[in-house]
Every structure is written in C-alpha cells, then in structure tokens.
Amino acid sequence: SERVLGGLARTTEKLSGNLTGIVGGARLSPEQLDVIEDALILSDLGPRAAARIRDRLAEVRFDAGINDVSIKAAVAEEIAAILRPVAKPLEVTAFPRPHVVLVIGVNGSGKTTTIAKLAHLFQEEDYAVMLAAGDTFRAAAIGQLGVWADRLGVPIVKGPEGGDPASVVFDAVKAATDRGTDALIVDTAGRLQNKRELMDELAKIRRVLGRLNPEAPHDVVLVLDATNGQNALSQIEVFKEVAGVTGLVMTKLDGTARGGVLVAAAEQYGLPIHAIGVGETIDDLRPFDPDLVARVIA
Ligand code: GDP
C-alpha cells in the first residue's frame, strides 16, 4: 500500500502542492507546461526527466478537462513510464553457486543496513546466505555487519581490521562454495575521498572473484541515500567508473522529500532499480514498484 512509502509522501506534498490550481481545457498551455516543469525540477526529478515529461504532457489530450486530479494522473503516468523499464528485483540465479553480490556505496548511505535487509529477503526466499565483511578499513563496519549476521543467523567471513579485502572475499567465496551457499553478499569500503585507492581495491576484489568464478560478481549493487538529492546522481557517475555498477538500491525514502531523485536516476542512467529502503528495520526494504512509486511521487 502507499502507506508503507511513508516519507515519499513528502515528495508528493511538495510536487502536488506545486501542481495545484492548474486548470483548463483539453491541452496544457506553454505557461502551464513551464509551471509543471519547474515543479518537477523542485521535486528533484532533475532537468532531463522534467523536460522529457514536459514534452510528453504537451502531447496529451485531456478529454475531461485539466484539473488537480487529471494533471496528477497524467504526471504519474509519465513518471511511471520512466520507472517501469528499470524495475528489476535482485535474483539469485548463478550456477555454479554462490551468486555473488558486491555492495558498494559511500559510508553512511545505508550500505550495511541494506546488506542485512537483502540477506533477510534472500532467507525469506529460502536461499542460504553468507556475508563477507569486505570493508576492512572501518572496524565499526566489520562489527556492525557481524551484529546483523548474528541477528539473522547467517555466517559471516571477516578479516582483521586493515586487512586485505580481496583476501576476505577469497576466503568467503571458498567457504560459500564449500557450504553450498546460494548467495554471498559482500560489503566493500566506501571511501570516495580516495578514489584511486578505492578503485584499486575494488579492481583487486573483482580480479580475485573472477579467478574463482569468471562470472562473479554477478551483481554490483550501488546503495544511494535519497536524502542526498541530486548528489546521488554524481555518486552513480563515480561508482560506474570505479566499480561497474549493475543496479541500484535507493535508501531513506521514508525520511525525505527528495524521492524524485529516483526518477532522475532512472531517466539519466537506465540502471536497474532493485529495491528501496523505507526505514531502519530489517523488513524495511521494499520491492521497487514503479506504478506505486509514481503515484506516491505525483
Ligand atoms: P553505511 O555506513 O553505508 O554502512 O550505513 P548504515 O547501514 O550504517 O546506515 C547509516 C544510517 O542510516 C543508520 O542509522 C541506518 O539505520 C540508517 N538507514 C539505513 N537505511 C535506511 C532507510 O531506508 N531509512 C532510514 N530512515 N534510515 C536508514
């Protein structure tokens, strides 16, 4: 239901507040289209998605007239059209097992929590899961992932603080292979302030993985904090370059009026959106439902 999307509703209030009062006949005027385009940009949909939606709305015939209800429905439909092609749940498909999911993102984005939520989701689908604490740079990160692993009852492979992340990943893939684990979820460091080092670290992890299984990693999931608004987009840019991102999870959509950034990301990058985070507990990862999100945003 729309209630679970909690704070995304704040994006709604912001956008629909700015759409209120647009009335007319069958066609939107250029001035009304300007107002809509500005409202979309203010709601973090970004200039590209806003311009695309404007162009589409210019073609729409409102047979029953333009009012609050019809305009919101039309905007929701155009947002959904942008989101539908990127909605794609994360699936455990790899043979031979394990299916390896590398999780990347800046510190504070909700990476650790998202790993725990994904592990929980896979468990609910009856998969055997293992975690690898590949962010060896932060002792707190290893500890926190360990707490989640205990709570979920999933095995975790850790190395010493400051140890080599690639060696943790190597040990984890071996352990997962030996145990017949279905899904191995790997945490990684999120130190974007040292891009070169991070790039080398992720490249080394990929080399080690590739040696054990040429198909791995099967997914490289970038975790983005929606409260960062348009900055989330520049993170996609950088992580695509350093890590070869294959999909996104957007977190903290419960606490922000900046949910429109999902639409900007979908329009600009076309990367699959696997799920959205709507809270701090283990159950607060939702499948990405483009029509629901579009309705809530508009
Ligand atoms: P990391 O540094 O990227 O590993 O981030 P954490 O997983 O430790 O998360 C940082 C903070 O954001 C923690 O307080 C989490 O509880 C919180 N958090 C993570 N995901 C969400 C979410 O979807 N909604 C909310 N409200 N908080 C979240």
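One can find the structure itself at the top, above this paragraph.
Residues numbered from 1 in each chain as written. Predicted model: local features only at pLDDT ≥ 70, side-chain atom pairs only at ≥ 80, totals over all residues. Heavy atoms only, no water.

K.L.:
Any chance you could explain the packing of aromatic side chains here in plain terms?
P.N.:
How two aromatic rings sit relative to each other is set out by the distance from centre to centre and by the angle between their planes. Considering all chains together, one arrives at one aromatic pair under this definition. Note on F122 and Y127: the rings are 6.3 Å apart at their centroids and 90° apart in plane angle, and the pair reads as edge-to-face. Judged by relative accessible area, which is 0%, F122 ranks as buried. Residue class for Y127 comes out partly exposed when judged on its relative accessible area of 24%. Sitting over the ring of F95, R97 keeps its end group 4.5 Å from the ring centre. The ring of F137 carries R191 above its face, with NZ or CZ at 3.8 Å from the centroid. (Phe/Tyr/Trp six-rings, centres within 6.5 Å; stacked < 30°, edge-to-face > 60°. Buried < 20%, exposed > 50% of the residue type's maximum accessible area, 1.4 Å probe, protein only. Lys NZ or Arg CZ within 6 Å of the ring centre and 35° of its normal.)

K.L.:
Please explain a negative patch on the surface as it appears in this structure.
P.N.:
Together, E91, E124, E125, D126 and D283 line one region of the surface with negative charge. Summarising the element assignment, E124 is placed in helix 5 (residues 111-124). With a relative accessible area of 55%, E124 lands in the exposed category. (Patch = residues over 30% accessible without salt bridge, like charges linked within 9 Å, V, L, I, M, F, W, Y side chains within 5 Å. Areas by Shrake-Rupley, 256 points an atom, 1.4 Å probe, with all protein chains shown as cover. Salt bridge = Lys/Arg side-chain N within 4 Å of Asp/Glu carboxyl O. Lys, Arg positive; Asp, Glu negative; His and termini not counted. Charge placed at Lys NZ, Arg CZ, Asp CG, Glu CD. Helix = DSSP H or I, 4+ residues; strand = E, 2+ residues; numbered from the N terminus.)

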